[in-house]
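# Geometric and topological summary
Each chain, letter by letter, is given below.
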Amino acid sequence: MLPPSPRLTPRELVVLAVGSALLAVAMFWPLVLHLGSDVPKDLGDPLSQAWQLAWGGHALVEQPGAFFQSNQFWPMRDTLALSDALVGYAPLAVPGDGVEAALTRYALLFLLATALAFAGAYLLARELGAPVAGAVVAGAVFAYAPWRLEQGGHLHILSSGGIPLALMLLLRGYRARRPRMVVAGWATVAWQVSIGFSLGLPFLVVLAGGAAVLAVAWWRTAPDARPRPGRTLVRATALGVVLVLVVSAVIGRPYLRVRDGEPAAQRSAETLATYSVGPKQFLVSSSLNPLWGPAGAGAREDLPAVAEQTLFPGLAAVALAVLGALWAGWSRRLRRALVAGTGLFAVLSLGFETSGLGQLLPYRLLYELVPGFSGIRVPQRMNTFTSLLLALLAAGGTAALLARVTAARARTALALALAAVVLAEGAGFAPGRAYPHPTAPPAPAGLADVPGPLLQLPVGAQDNREYLLWSTDGFAPMVNGRSSIQPQRTTRLLARMDGFPDARSVAALRRLGVRSVVLHADRLAGTPWQAWRARPLTGLGLERRVRGDLVVYRVR
């Protein structure tokens, strides 16, 4: 049994919204002072995700019926579905054009995602009966867990606040028999799924599993004691579930087409094993964490994917969760469920191995049996659910500690101290050192005027991230692109470009319909194109112009 739903006053909700936003700004200071120029964490995935967001706003206005037909990897189809598409953010990405707007938008949504994670965990903890202080700690544990520091370049993973918010709305809606809140809860589920399937698909599995458990419990209850939801609530549920299914199906169709056309979209067991880890990784923190990072330096050296395999949840969070498992304010059944769920998701976060006992880990069942799970590359993202349940237990632990203090001032001081310790463990800054916010490279002058479809050389991973960001000024179609999957056709074309400009490469480009090729002269050292001046154009049907660091070829 759960305590009655608390009354959330407008004042509490306003303080929560403002406080969550201000805390996010403070924890990632001074990012907010560099909007339009800097990105959080590094110059890797944030650049391509800034492009993703910009494309979402552009496509929503200009080509809503062809939303996933982005300007990367031209002329391939469904190229936005080569990674989590952040579709749910598209309405927020409509205002603004160009590179500066793309960078501003990404930084603001990075802060918003963190603030929503805090607020969502707070509201869910309150709905479960935690006091305000406990809910604050729950928000801090979930939104600022040390393992999230390395996810600073993965907006689709940081955007997890819809999970606790949806659970809170559904829980309150069903308990209070409020159909509109039930529909709002399912709509929030649909929005979370629309951000990306890396978290959306596991969330759907969690909801399906929870529904199955409740159905069994309802069936086992004596017929005269079974709760009757009523027609209105049943209709609200049906409407909400249909909404989730429709959104999932519409967004999922391009991913299914990509899966059928690109073998790499189906992650092999060997790939999953590469990203799988042992339990000791829950003791390894990010190097960005000044408190615990130095202690894990040796363990991080041997990791093939540091950003995904540092899973330290925070010592204070674990200690408070242990106390929460004993808090009498919750029923024994609820406490057991939270503890069991935390353990289950922690084990799922380990992934699986292809041999030995590691192949028996339960994530293998999800990989083999649940449609779509074979497309998720990183099992460690299940740690989001581990972190949420740990946060709820920590809320109970905070309540248990505060119950032992009678003086009001002492209780307030203790609550603030607990929240501060949790935030300190999850901070990515120290005196004299801020959370990284590097400046994005500016677009070369004249690049936006080059007609597409175009190919830009060289084609390294970082080069392509920058090309995508720069393409937000006009979204010219281009052969270049960056995602966890590169289309086979693009790979074959690029394999013919080492000799450009020569007859073989030009013929391939002409067959494809490429109109322009751009060499970035300032990054050609050590590449096959560094001697471009010595390569003759006779008989190739090319025109060449030099514009600063750009060498532009027109394919006639």
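Calculation notes
- Residues numbered from 1 in each chain as written.
- Predicted model: local features only at pLDDT ≥ 70, side-chain atom pairs only at ≥ 80, totals over all residues.
- Heavy atoms only, no water.
- Helix = DSSP H or I, 4+ residues; strand = E, 2+ residues; numbered from the N terminus.
- Rg over C-alpha atoms; globule rule 2.2 N^0.38 Å.
- Buried < 20%, exposed > 50% of the residue type's maximum accessible area, 1.4 Å probe, protein only.
- Contact = heavy atoms within 4.5 Å.
- Areas by Shrake-Rupley, 256 points an atom, 1.4 Å probe, with all protein chains shown as cover.
- Pairing = 2+ DSSP bridges.
- Patch = residues over 30% accessible without salt bridge, like charges linked within 9 Å, V, L, I, M, F, W, Y side chains within 5 Å.
- Salt bridge = Lys/Arg side-chain N within 4 Å of Asp/Glu carboxyl O.
- Lys, Arg positive; Asp, Glu negative; His and termini not counted.
- Charge placed at Lys NZ, Arg CZ, Asp CG, Glu CD.
- Axes fitted to C-alpha atoms, helices over the stretch in contact; angles between N-to-C directions.
- Core = buried A, V, L, I, M, F, W, Y, C linked by side-chain atoms within 4.5 Å.
- Arc of directions from axis to C-beta.
- Polar contact = N/O pair within 3.5 Å; in protein donor to acceptor, adjacent residues only side chain to side chain.

### Structural notes on the overall build of the chain
Scanning the chain from terminus to terminus reveals 20 helices and four strands. The C-alpha radius of gyration of the chain comes to 25 Å, within 12% of the 24 Å expected for a compact globule of 556 residues. Based on the C-alpha atoms only, the size of the chain along its principal axes is roughly 85 × 55 × 50 Å. A burial count over the chain gives 52% of its 556 residues as buried. The contacts in the chain between residues at least 6 apart in sequence include a share of 76% that link residues at least 24 apart. About 24,200 Å² of surface is accessible on the chain, with carbon and sulfur atoms providing 63% of the total.

### A word on the pairing of strand E3 (residues 542-547)
Pairing analysis gives six bridges linking E3 to strand E4 (residues 550-555), with the strands arranged antiparallel. In the strand pairing of E4, Leu-542 is matched with Val-555. Here E3 folds back onto E4, and the loop between the two strands holds two residues, one of which, Gly-548, carries a positive phi near 65°.

### Description of a negative patch on the surface
A cluster of acidic residues, Glu-62, Asp-97, Asp-449 and Asp-473, forms a negative patch on the protein surface. Within the secondary structure layout, Asp-449 lies in the loop between helix H17 (408-425) and strand E1 (454-457).

### Considering a positive patch on the surface
Residues Arg-489, Arg-492, Arg-496, Arg-504 and Arg-511 make up a contiguous surface patch of positive charge. Secondary-structure elements contributing two or more residues to the positive patch are helix H19 (488-495) and helix H20 (503-512). Position of Arg-489 relative to the elements: it lies in helix H19.

### Section: the pattern of salt bridges
A full pass over the atoms with the stated rule returns 13 salt bridges. The closest approach of N and O atoms between Glu-368 and Arg-364, which form a salt bridge, is 2.9 Å. Of this pair, Glu-368 and Arg-364 both sit in helix H15 (residues 363-369), four residues apart, which is roughly one turn of the helix. Classification of Glu-368 as partly exposed rests on a relative accessible area of 47%. Here Arg-556 ties to Glu-543 by a salt bridge, and the two come within 3.4 Å at their closest N and O atoms. Placement of the pair is Arg-556 in the segment after E4 and Glu-543 in strand E3, with a sequence separation of 13 residues. Using a relative accessible area of 57% as the deciding quantity, one classes Arg-556 as exposed. Residue classification places Glu-543 among the partly exposed residues on the basis of a relative accessible area of 38%. Three or more residues are tied together by salt bridges with common partners; here these are Lys-41, Asp-42 and Glu-150.

### Regarding the pairing of E4
The element E4 is largely enclosed, with a buried count of five among its six residues. Bridge count between strand E2 (residues 516-520) and E4: five bridges; the pairing is antiparallel. Along E4, the bridge assignment pairs His-520 with Leu-550.

### A word on the sheet that holds E3
Strand order in the open sheet formed by four strands is E1-E2-E4-E3, with mixed pairing between adjacent strands. Either end of the sheet is taken by a strand with one partner, and the two such strands are E1 and E3. Along the sheet, successive strands turn relative to each other by an average axial angle of 20°, direction set aside.

### Digging into the nonpolar core
Ranked by internal contacts, the top residues of the largest apolar core, which has 131 residues, are Phe-68, Tyr-144, Tyr-363 and Leu-469. Top element by residues in this core is helix H3 (residues 98-127). It accounts for 18 residues. For Leu-469, the contacting residues outside a window of four places in its chain are Leu-47, Ala-50, Trp-51, Val-99, Ala-102, Leu-103 and Ala-440. Counting 22 residues, the second-largest nonpolar core is a separate cluster that includes Leu-455, Val-514, Val-517 and Leu-540.

### What about a nonpolar patch on the surface?
Residues Val-14, Val-18 and Leu-22 make up a contiguous nonpolar surface patch of roughly 280 Å² in combined accessible area. One can find Val-18 in helix H1 (residues 10-27).

### Examining the environment of Gln-359
Examined against the element boundaries, Gln-359 turns out to sit in the loop between helix H14 (332-348) and H15. It is 9.0 Å that separates the C-alpha atoms of Gln-359 and Ala-273, two residues lying 86 residues apart in sequence. Contacts of Gln-359, omitting those with residues within four sequence positions, involve Glu-353, Thr-354 and Arg-364.

### Describing helix H13 (residues 315-324)
For H13, the full list of buried residues reads Ala-316, Ala-317, Leu-320, Ala-321 and Gly-324. One side of H13 holds all its buried residues, which, seen down the axis, span an arc of 135°. On its buried face, H13 is in contact with helix H4 (132-143), H14, helix H16 (383-402) and H17.

### Some details on the side chain of Ser-471
Among the structural elements, Ser-471 can be located in the loop between helix H18 (461-470) and H19. Given the relative accessible area of 9%, Ser-471 is considered buried. From its side chain, Ser-471 meets the backbone oxygen of Leu-468 in a polar contact 2.7 Å long. Apart from the residues lying within four places of it in its own chain, the contact partners of Ser-471 are Trp-51, Asn-71, Ala-476 and Met-478.

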